[in-house]
Amino acid sequence: MKKGQGWARRVTKENLSSFAAYLRQTDYASEARLHAAADEQAKMEEASAPSPFKGTALNFPNRFHLTKVKKASSARRTSSTPAAIAVSKGQVQALGPKGGLVWRKRLNRSDVQRSSGSTNPTGCLRFTQARKYNEQAVDQTSFFRQDTFGNFQWSILKRSPYEEATNIAFHVTINGKAFGEVELQVRHKPSGEAHQGNYTTSLHWGKLIKTIKTEAAPGQMLSLYAPRTGSNSPFFIEIS
Amino acid sequence: MNGVFCISLEGKSHYPHSQMRTDVELMFLPYAGATQETLVDVLIREFASGKWSSFSAAVAFARESGNYRELLVSLTDFARGGGTIEMTFGANRFAEGEGSDYRAIEALLRELGDFPNVHLYLYEQPDRTFHPKLYLFASQTHALLIIGSSNWTQGGFQRNVEANVLLRLDLSDREQKGAYDRTVDVFHTYWREIQ
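Criteria and thresholds
Residue numbers restart at each chain and count upward from 1, following the sequence in its written direction. Here the convention is simple: chains get letters from A, ligands get numbers from 1, in the order in which they are written. The predicted origin of the model limits local features to residues at a pLDDT of at least 70 and limits the giving and counting of side-chain atom pairs to 80 or more, whereas totals for whole chains, interfaces and linings rest on all residues. Note that water and hydrogens are dropped before the side-chain values are worked out from all heavy atoms of the structure. Residue-level confidence of the predictor is summarised by pLDDT, bounded by 0 at the bottom and 100 at the top. Contacts are residue-level and defined by heavy atoms, with any inter-residue pair within 4.5 Å sufficient. Working definition: with a 1.4 Å probe on protein chains only, accessible area under 20% of the residue-type maximum means buried, over 50% means exposed, and in between means partly exposed. Only DSSP runs of H or I covering at least 4 residues are called helices, and only runs of E covering at least 2 are called strands; the numbering of each starts at the N terminus. In this scheme, strands are said to pair when DSSP sees at least two bridges between them. Note on aromatic pairs: the rings of Phe, Tyr and Trp (six-membered ring only in Trp) are paired at centre separations within 6.5 Å, and the planes decide the class, stacked below 30 degrees, edge-to-face beyond 60, tilted for the rest. Residue types Ala, Val, Leu, Ile, Met, Phe, Trp, Tyr and Cys, when buried and joined through side-chain atoms within 4.5 Å, form a set referred to as a nonpolar core. Only C-alpha atoms enter the line fits that serve as axes; for helices the fit covers just the stretch in contact. Angles between N-to-C directions range over 0 to 180 degrees. Here the angle decides the label: under 35 degrees means roughly parallel, over 145 means roughly antiparallel, 65 to 115 means roughly perpendicular, and every other value means oblique. In this scheme the crossing of two helices becomes right-handed for a clockwise turn of the near helix relative to the far one and left-handed for an anticlockwise turn of less than a right angle.

Visitor: Tell me about the confidence of the model for chain A, residues and numbers included.
Guide: Per-chain confidence: chain A averages 67 in pLDDT, with 57% of residues scoring 70 or above. Considering only residues more than four positions removed or in separate chains, one finds that residues 49–95 of chain A, a stretch of pLDDT under 50, has 97 contacts.

See below:
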């Protein structure tokens, strides 16, 4: 098979299981067990670490305050790509107080900047309604902009189509490697809501883009954790 | 012709100084007119017609919902009667949640996997989505080629808004045979990429 070329294989009763990784299994029992285990872990983490996202709505000041500037602040921006350091799970937890799980998503090719064909990489992770959490579907049109990141200082990025942005610090860990605290831009575009309900808020990988492309893979799970209540720590992104 | 909306297409073929005349049927789902015939109806009817000796399909996505019981019975009867079946489905695991269902393939193999004249294939290319929707019935003298938008799903066969072209080819006609051969070549191209 030449590089870049596809493959076709005859599939039989005997070898079907070897193709399992290439086929959708969303209704499959193993997938259900996997999700159930992840949900159980999330519940345990939430129980042990009180989260501001548990149950009631948040009451952040200045939730919808907008400053009339062209671009979001780019403070603390550096040009270098963060270096990876291998740490244990215990070390990661020791790096900062991590709160409850906010949201999870099974990453697709677009999220990890592996675009198809002539499509350019998006440069971002789309905050979609990918997973239900706490047995409630996430309304992606408001959950991230208002509930999750509502207390940050949002700026008008563009007026037509209207788009807001804010810069937020995330502690990023990919496959056990900690990439430290990275400031990333989160954008919210309400006009996206009319387009098949896809997404309206996105996380732009910025200087992490090369890291994401090389370290993360489609099919991996991204978990977004809030800072622990009362702490001054960043949000946490874990990909594994 | 049993179709919903039938026209006779007369146009220039890819052969110079000639014209290809063939029967063309357009099927717009769900606007199937008085007959309310859907693509799955066409497939079942053609399998049962006794006219065809082979069936090939190259379809992006197969879902369990597309494995209608009547369709599986028709496929099985066709295979049992000696008809050759070759079907290729996309294994586009990471294409935004698309791709064929494990269970759909499993069910097809359960019904058809023991027939030596039935071959199922999966196609995967990391940076390109396998996206054709081709269905081809053939005999020594005629062929029915269906090209359109319908996947092997309940939506594609029956419920979605879909558009398909049904081309009935007379293989005794040199040009129509040429079109048929080109289509068969396309199918074989997928499989040639195997090795």
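Read on for the rest.
Visitor: How would you sum up the pairing of strand 4 (residues 98–106) of chain A? Please name residues and give values.
Guide: Residue and element names in this part refer to chain A. Counting buried positions along strand 4 yields eight of nine residues, so the element is predominantly enclosed. Of the strand pairs in this sheet, strand 4 and strand 12 (residues 221–227) are connected by six bridges, and their pairing is antiparallel. In the strand pairing of strand 12, Arg 106 is matched with Met 221.

Visitor: So what about the pairing of strand 5 (residues 118–124) of chain B? Which residues, and what values?
Guide: Burial analysis of strand 5 of chain B places six of its seven residues in the buried class, which makes it a mostly covered element. Here strand 1 (residues 7–11) of chain A pairs with strand 5 of chain B via five bridges, running antiparallel. Within strand 5 of chain B, the position partnered with Ala8(A) by the bridge is Tyr123(B). Both strand 4 (residues 84–90) of chain B and strand 5 of chain B contribute to a ladder of six bridges, which runs parallel. Paired with Met87(B) across the strands is Leu120(B), a residue of strand 5 of chain B.

Visitor: Hey, could you go over unusual backbone geometry for me, with residue numbers and the actual values?
Guide: Residues other than glycine predominantly adopt negative phi, and peptide bonds predominantly adopt the trans conformation. The phi dihedral of Asn175(A) is positive, around 50°, even though this residue is not glycine. Residue classification places Asn175(A) among the partly exposed residues on the basis of a relative accessible area of 41%.

Visitor: Help me get a handle on the confidence of the model for chain B, residues and values and all.
Guide: Residues and elements named next belong to chain B. Of the residues in chain B, 78% have a pLDDT of 70 or more, and the chain-wide mean is 81. Scored below 50 in pLDDT, residues 1–19 shows 46 contacts in the model against residues more than four places distant or in partner chains. Per the prediction output, this complex has pTM 0.49; the corresponding ipTM is 0.76.

Visitor: I'd love a proper account of the packing of aromatic side chains, names of residues and values included.
Guide: Residue and element names in this part refer to chain A. Following the criterion strictly, the structure yields 20 aromatic pairs over all chains and no others. Arranged with centres 6.1 Å apart and planes meeting at 80°, the rings of Phe 149 and Phe 170 form a pair that is edge-to-face. Residue Phe 149 is located in the loop between helix 3 (143–148) and strand 8 (154–159), and its partner Phe 170 is located in strand 9 (residues 162–174); the two are separated by 21 residues in the primary sequence. Residue class for Phe 170 comes out buried when judged on its relative accessible area of 0%. Among the aromatic residues, ring-to-ring pairing joins Trp 103, Phe 127, Phe 144, Phe 149, Phe 152, Phe 170 and Phe 235 into one connected group.

Visitor: Please provide a residue-by-residue account of the nonpolar core, values included.
Guide: Phe55(B), Leu75(B), Met87(B), Tyr135(B) and Trp152(B) are the most contacted members of the largest nonpolar core, which totals 45 residues. Of the residues forming this core, the biggest block, six residues, is contributed by helix 3 (residues 102–112) of chain B. Core analysis: the next-biggest nonpolar cluster, separate from the first, contains 29 residues, Phe143(A), Trp154(A), Ile212(A) and Ile239(A) among them.

Visitor: Can you lay out the packing of helix 2 (residues 69–80) of chain B against helix 3 of chain B for me, pointing to particular residues and giving the numbers?
Guide: All names here are of chain B. Packing of helix 2 against helix 3 brings their axes to within 10 Å, and their N-to-C directions diverge by 40°. In terms of their interaxial angle, helix 2 and helix 3 are classed as oblique. Considering only the axes of helix 2 and helix 3, their crossing is right-handed. Where helix 2 abuts helix 3, its residues Arg 69, Leu 72, Leu 75, Thr 76 and Ala 79 lie against Leu 108, Glu 111 and Leu 112.

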